[in-house]
Amino acid sequence: MKNTAVCLLILLCAIMLAGCAKEYSGIEEAESSGATLGECILIDNVDVSGMTPAGAVAAVEAAHTETLKGLYYTITAGEDSLDINAALLPISFDTRETVMEALSLKKHWPSGIPPRQLYTTMGADLEQLKQALEQLSGELQYEPTDATVSYDAEKGFIYTDHKDGRVLDMDHLADSMAELISVGKGGSIAAVTSPVPAKYTADMARQDTVLISEFTTSFAGSTYGRANRVFNIKKAASLINGKTIAPGEEFNTNAALGDRTKENGWKTATGIRDGAYVQEYGGGVCQVSTTLYNAALMADLEITERHHHSWPLGYVDIGRDATISTGGPNLRFVNSGPSPITISAAVDTVEKTVTVRIYGRALENGVRIDVTSKKTGTLSSPGTETVYDPSLAPGERETVRKARRGSVSETYKLYYSADGELINKELVTEDTYRSISGIVHVGPKKEAASDTSSEAARQTPAPAPEPTPVSEPSQTPQQTSQ
């Protein structure tokens, strides 16, 4: 009896060994040999019984594709989150290895016994996974956005706040996701983040737009306050209002205002030409350039071109004026500071003033600048020249140009510390306002009383007087000062 049992066991083992599959080096060899999988074999719940190796691989991979489409990973970063579909990630399965394992199983399997179940393993190369996450997680990491500032003529400065950037720790994120992938699950991952500070904040923008200097002149006088002149002042102020000048950039007043012509919308008002008042398009803009000049001095900007008028003016102290003219004298200065500056120019028609303010970064160490000037000398008078003008009535006199004695002046910048102590005095200009000779036109001399009884005397005209010689002015005439 014992011998019979042993024989049966040996026979059963022989039968089982006879049912074992041949070993192959790979899918390709098994496929070319015509191998097929045995009975009742499932790989990841896909029935691959009797399939060729390549067919089994295709069937299982098709199932994996559908599985990945329904699998998601949620990455959270602060209050933000991002869902990433597993199908977009470089996830791989050991499908071929598992099919080869299935080929090693015996062909036949008794009916009524649960099928043989095999499972693949999910995985991902860390470097490839990290590269994919860099591309897919762009919503959660971003570059910083600097603050901005703009100037509105009515509202003043308008600021937009900065926003810090954010980066994710990709090594941590890839490692955490690889752990979930290795167990074939989706899930949520809290990303480790680091802020990327903005280079320019709203506080910095406000520090770069503080009031550095302010200067005001008045046009309240009857001459300065005439309608056309005020119109030109308002137009000129509007054209420079809000101009922003970058560090190292030069501001050109004539370029900013454009040619003062009728076609450009300017009106005629009093200007100065060749030492006399004349009516010119754009008359009055010199009051704006003068106001701007003083504000620029007080902002410690580098003046590259400035000219004084033919004589000192009533709305500003001697030595502190700046004349400009279309195609002629100009006011130019360079922003020599470390940040942009903005010019604000406003006209108050009630108070009859024009005010220029310059905004930018405050002067270093809280320094404040005042400007002062004084007359240091008076030039001799060149007198008045008389010119015969036959177009005038006998005995009529017309003053063409008033004689003016020239003046000499000095202008200084006074530097004060934050606590009000005078720390420096700097000479800005030494101006010489030339003497201007007067010019008077005279008509013919009046006829002397004569004997009315003498007909000849009445009919013989009196000889015209010889014109008084006129010498040329010693100074070169200036262009129109507007």
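Here we summarise the structure given alongside this text. (Residues numbered from 1 in each chain as written. Predicted model: local features only at pLDDT ≥ 70, side-chain atom pairs only at ≥ 80, totals over all residues. Heavy atoms only, no water.)

**A few points about the sheet that holds strand 6 (residues 116-118)**
Then, in step 1: Taken in spatial order, the three strands make up an open sheet running 2-1-6, and their pairing is mixed. Two strands bound the open sheet, and with one partner strand each, they are strand 2 (46-47) and strand 6.
Then, in step 2: Where strand 1 (residues 41-43) and strand 6 come together, three bridges link them in parallel fashion. For Leu-42, the partnering residue across the bridge sits in strand 6 and is Gln-117.
Then, in step 3: Along the sheet, helix 4 (residues 95-103) contacts strand 1 and strand 6; its crossing angle with strand 1, the most-contacted strand, is approximately 170°. (Pairing = 2+ DSSP bridges. Helix = DSSP H or I, 4+ residues; strand = E, 2+ residues; numbered from the N terminus. Contact = heavy atoms within 4.5 Å. Axes fitted to C-alpha atoms, helices over the stretch in contact; angles between N-to-C directions.)

**Here we look at helix 6 (residues 170-182)**
Then, in step 1: Compared with an ideal rise of 1.5 Å per residue, which puts 13 residues at 18 Å, helix 6 spans 18 Å between its outermost C-alpha atoms and is within 8% of the ideal.
Then, in step 2: Restricting attention to buried positions, one finds in helix 6 the residues Met-170, Leu-173, Ala-174, Met-177, Ala-178, Leu-180 and Ile-181. All buried residues of helix 6 lie within an arc of 160° about the axis, which places them on one face of the element.
Then, in step 3: Looking at the buried side of helix 6, the elements it contacts are strand 3 (72-77), strand 5 (91-93), strand 7 (122-124), helix 5 (126-136), strand 10 (165-168) and strand 11 (187-190).
Then, in step 4: The first or second residue beyond helix 6 is Gly-184, which carries a positive phi of 70°. (Expected span 1.5 Å × (residues − 1). Buried < 20%, exposed > 50% of the residue type's maximum accessible area, 1.4 Å probe, protein only. Arc of directions from axis to C-beta.)

**Quick look at the nonpolar core**
Side chains that are nonpolar tend, in soluble globular proteins, to be buried together.
Then, in step 1: Grouped together as the largest cluster of nonpolar side chains are 40 residues, with contacts concentrated most on Ile-240, Phe-251, Leu-292, Phe-333 and Ile-343.
Then, in step 2: Those elements that provide at least two residues to this core are helix 8 (227-240), helix 9 (253-257), helix 10 (285-298), strand 20 (341-348) and strand 21 (353-360).
Then, in step 3: Per-element accounting of this core gives the leading share, nine residues, to helix 10.
Then, in step 4: For Ile-343, the residues in contact, after removing those within four places along its chain, are Ile-240, Asn-241, Gly-242, Lys-243, Ile-245, Phe-251, Leu-292, Phe-333, Val-356 and Arg-357. (Core = buried A, V, L, I, M, F, W, Y, C linked by side-chain atoms within 4.5 Å.)

**So, the packing of aromatic side chains**
Then, in step 1: One pass over the full model with this rule turns up five aromatic pairs.
Then, in step 2: Three or more aromatic residues link up through ring pairs in this structure, and these residues are Tyr-151, Phe-157, Tyr-159 and Tyr-359.
Then, in step 3: When the ring centre of Tyr-142 is taken as origin, the NZ or CZ atom of Lys-163, which lies over that ring, is 4.8 Å away.
Then, in step 4: Residue placement shows Arg-404 over the ring face of Trp-311; its charged tip is 3.7 Å from the ring centre. (Phe/Tyr/Trp six-rings, centres within 6.5 Å; stacked < 30°, edge-to-face > 60°. Lys NZ or Arg CZ within 6 Å of the ring centre and 35° of its normal.)

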